[in-house]
Amino acid sequence: MVVGLRDGFDSNSRSRTQNEGRLLSYFGQTSGSRNTSPVNRALGFRSPSPSRCRQKVIMTKPRGLDEEMVATFAKAPHGPHPDVYMEDNIWAMLPEDLLNEILARVPPFMIFRLRSVCKRWNSILQDDGFLKFHSQVPSHGPCLITFWKNSQVPQCSVFSLPLKQWYKIPFTFLPQWAFWLVGSSGGLVCFSGLDGLTFRTLVCNPLTQSWRALPSMHYNRHRQLIMVVDRKKRSFKVIAASDIYGDNKSLPTEVYDSKRDSWSLHQTMPTVNLCSSKMAFCDSKLYLETISPLGLMIYHLDAGYWEHIPAKFPRSLLDGYLIAATQKRLFLVGRIGLYSNLQSIRIWELDHAKVIWIEISRMPPRYFRALLRLSAERFECFGQDNLICFTSWNQGKGLLFDVDKKVWSWIAGCALQTYNSQVCFYEPRFDASIY
């Protein structure tokens, strides 16, 4: 269950004013124009007349938040300004390529509202022209996707880090299987679970509400999975390593290729004792932690073979997580000193040349005490690019760390009940294809 999430279509006045300004700038509307365009009607924007435009500051204090919410409305221009009427029949003749370019720049979560404007706009979001423009505009930025079930009904919410806003996404389009979140890559989300007694894997695009079930593996058991999307080739792969219990003695590695729509068999992972089921994919390589022998198991995806490197972990390491970042960077996040008053969470980076872990940062004590109240309390950790997110199992909090900027920050409104919800990073994209 996720507490305190806001519906994406009921945003607060401040974000609504900002979004209105962006959309109006796309359509060239002045502050004195009347909102009769399809975009503004769809988003519920109203354009005040010049005589009613005044500087106004609203001071509120929401329950549980010690902050001020300020909503500022633009001042009226000097002198009289007649309203500019925007006729519907003129907007109906908007050239297709211009409409595609405009819609491609609208924040992706608002597209759900725009789809109800008319049949043309609903169909254009699946048009190749729109998808081409959408693939060329900069990414919306990193988001967090949370998945849980409420009375066996799949629920999904997405937190946009650039907009600092929660959005709800309908998730009833998925089949009624007992599945759980595997991960996300390139706009696609992967799930695995049971359809009756059969282990199944599916991939979906939450924005387009499309999904597909992958064919059964050669050794169809509950496996450790990770999905990788190649945007240039418009394809994705799913890697199945050992089974979920770490038994890798008899199961060969399997790789699913979306272009071939089939699983291929590869080398079996050498016999090792895995430290955890957590994996990271970095620079075309899959990394897993091992405790016997101590170090990392590496699967080379392109060549199809396993390799072990003796990258010894820091002493007294607990709750170790591997995090893949940009530019071939691999991080290790873990807690030091479980029963010590000097307990802390630290971050190391792998020196690939020397095969050693180098400490690069520590979580400040005030964040550590707020995230983990008890010394034995567990946390989850995952990353994307050079961002690392921490969630507490019991506290329902989310903490973000920017490795490049060395900045720690709480995720606004992140009341995550991590016993019931699953969380990972997510990049919203309409052009991410499930085929």
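Residues numbered from 1 in each chain as written. Predicted model: local features only at pLDDT ≥ 70, side-chain atom pairs only at ≥ 80, totals over all residues. Heavy atoms only, no water.

Where an unreviewed UniProt entry is consulted, the chain appears under the name F-box domain, kelch-type beta propeller, F-box-like domain superfamily, with the organism given as Helianthus annuus.

With that settled, the discussion passes to the overall build of the chain. Regarding its fold elements, the chain presents eight helices and 26 strands. Looking at the chain residue by residue over its 435 residues, the buried ones come to 49%. Relative to all contacts within the chain whose residues are 6 or more apart in sequence, the contacts with residues 24 or more apart total 50%. Total accessible area on the chain is roughly 21,900 Å²; 51% of this is exposed by carbon and sulfur atoms. (Helix = DSSP H or I, 4+ residues; strand = E, 2+ residues; numbered from the N terminus. Buried < 20%, exposed > 50% of the residue type's maximum accessible area, 1.4 Å probe, protein only. Contact = heavy atoms within 4.5 Å. Areas by Shrake-Rupley, 256 points an atom, 1.4 Å probe, with all protein chains shown as cover.)

Looking now at the packing of helix 4 (residues 96-104) against helix 7 (residues 128-136). Interhelical geometry of helix 4 versus helix 7 gives an angle of 45° and a closest axis separation of 8 Å. When the axis of helix 4 is compared with that of helix 7, the two are oblique. The two elements helix 4 and helix 7 cross, and the hand of that crossing is right-handed. From helix 4, D97, N100, E101, L103 and A104 reach across to helix 7, where they touch G129, F130, F133 and H134. Class assignment for the residues of the contact of helix 4 with helix 7 results in four nonpolar, three polar and two charged. (Axes fitted to C-alpha atoms, helices over the stretch in contact; angles between N-to-C directions. Parallel < 35°, antiparallel > 145°, perpendicular 65-115°, else oblique. Left-handed = near helix turned anticlockwise from the far one by under 90°. Nonpolar A, V, L, I, M, F, W, Y, C, P; charged D, E, K, R; others polar.)

What follows concerns the state of the cysteines. Tallied over the entire structure, the rule returns zero disulfides. Considering cysteine sulfurs only, C156 is the nearest to C204, which forms no disulfide, with 8.1 Å between them. What makes C204 buried here is its relative accessible area of 0%. (Disulfide = S-S within 2.5 Å.)

The next thing to look at is the sheet that holds strand 22 (residues 387-392). Spatial ordering of the open sheet is given by 21-22-23-24, a layout of four strands whose pairing is antiparallel. Since the sheet does not close on itself, it has two edges, and those belong to strand 21 (379-384) and strand 24 (407-410), each with one partner. On average, adjacent strands in this sheet sit at an angle of 20° to one another, irrespective of strand direction. The sheet contact formed by strand 23 (residues 398-402) and strand 24 spans four bridges and is antiparallel. (Pairing = 2+ DSSP bridges.)

This paragraph deals with the sheet that holds strand 5 (residues 178-185). The strand order across the open sheet built from four strands is 5-6-7-8, with neighbouring strands paired in antiparallel fashion. One side of each edge strand has no neighbouring strand; the edge strands of this open sheet are strand 5 and strand 8 (210-213). Sheet twist, expressed as the average angle between the axes of neighbouring strands with direction ignored, equals 25°. With four bridges joining them, strand 7 (residues 198-205) and strand 8 adopt antiparallel strand pairing. In the strand pairing of strand 8, V203 is matched with R212.

Tallied over the entire structure, the rule returns 12 salt bridges. The partner of D195 in a salt bridge is R200, with the nearest N and O atoms 3.2 Å apart. A salt bridge links E359 to R346, with the shortest nitrogen-to-oxygen separation between them at 3.8 Å. Of this pair, E359 sits in strand 20 (residues 356-362) while R346 sits in strand 19 (residues 344-351); the two residues are 13 residues apart in sequence, bridging distant segments of the chain. (Salt bridge = Lys/Arg side-chain N within 4 Å of Asp/Glu carboxyl O.)

Another aspect to go through is the pairing of strand 11 (residues 252-257). Strand 11 sits mainly inside the fold: six of its six residues count as buried. Here strand 11 shows a buried face lined by P252, E254 and Y256 and a second buried face lined by T253, V255 and D257. Bridge count between strand 11 and strand 12 (residues 262-268): five bridges; the pairing is antiparallel. Within the sheet, the bridge partner assigned to P252 lies in strand 12 and is T268. The turn linking strand 11 back onto strand 12 is made up of four residues, and D261 within it adopts a positive phi angle of 55°.

One finds L103, V158, F171, L174 and F191 to be the most contacted residues of the largest nonpolar core, which totals 36 residues. Element by element, the count of residues in this core is highest for helix 4, at four residues. Built from parts of two domains, this core gets at least three residues from each of domain 1 (91-136) and domain 2 (143-426). With 20 residues, the next largest nonpolar core counts L371, F379, L399 and V403 among its residues. (Core = buried A, V, L, I, M, F, W, Y, C linked by side-chain atoms within 4.5 Å. Domains from an automatic or database assignment.)

Let us look at the packing of aromatic side chains. A complete count under the given rule lists 21 aromatic pairs for this structure. Seen from their ring centres, Y367 and W410 are 5.6 Å apart, and the 55° between their planes marks the pair as tilted. Of the two residues, Y367 is situated in helix 8 (residues 365-371) and W410 in strand 24; the sequence distance between them amounts to 43 residues. Under the relative-accessibility criterion, Y367 is labelled buried at 12%. These aromatic residues form a ring-pair network of at least three members: Y321, Y367, F379, F390, F401, W408 and W410. (Phe/Tyr/Trp six-rings, centres within 6.5 Å; stacked < 30°, edge-to-face > 60°.)

Under the definition given, this model contains one cavity of 30 Å³ or more. The volume enclosed by the largest cavity comes to roughly 40 Å³. Lining of the largest cavity is provided by F199, R200, T201, L214, P215, S216, M217, N220 and W263. Looking at the lining of the largest cavity, the element that brings in the most residues is strand 7, giving three residues. Taken together, the residues that form the lining of the largest cavity break down as five nonpolar, three polar and one charged. (1 Å grid on protein atoms, 1.4 Å probe; cavity = no way out; pocket = protein on both sides within 12 Å on 5 of 7 lines; lining within 4 Å. Points joined across faces, edges and corners; volume = space filled by probe spheres on them.)

Turning our attention to unusual backbone geometry. The bulk of non-glycine residues show a negative phi, and the bulk of peptide bonds are trans. Here the amide bond leading from S292 into P293 is cis, since omega sits at -5°, within 30 degrees of zero. In this model, S284 sits at a positive phi of 65°, which is unusual for a non-glycine residue. Mapped onto the secondary structure, S284 falls in the loop between strand 13 (273-282) and strand 14 (285-292). You will see that K328, though not glycine, has its phi angle at about 65°, which is positive.

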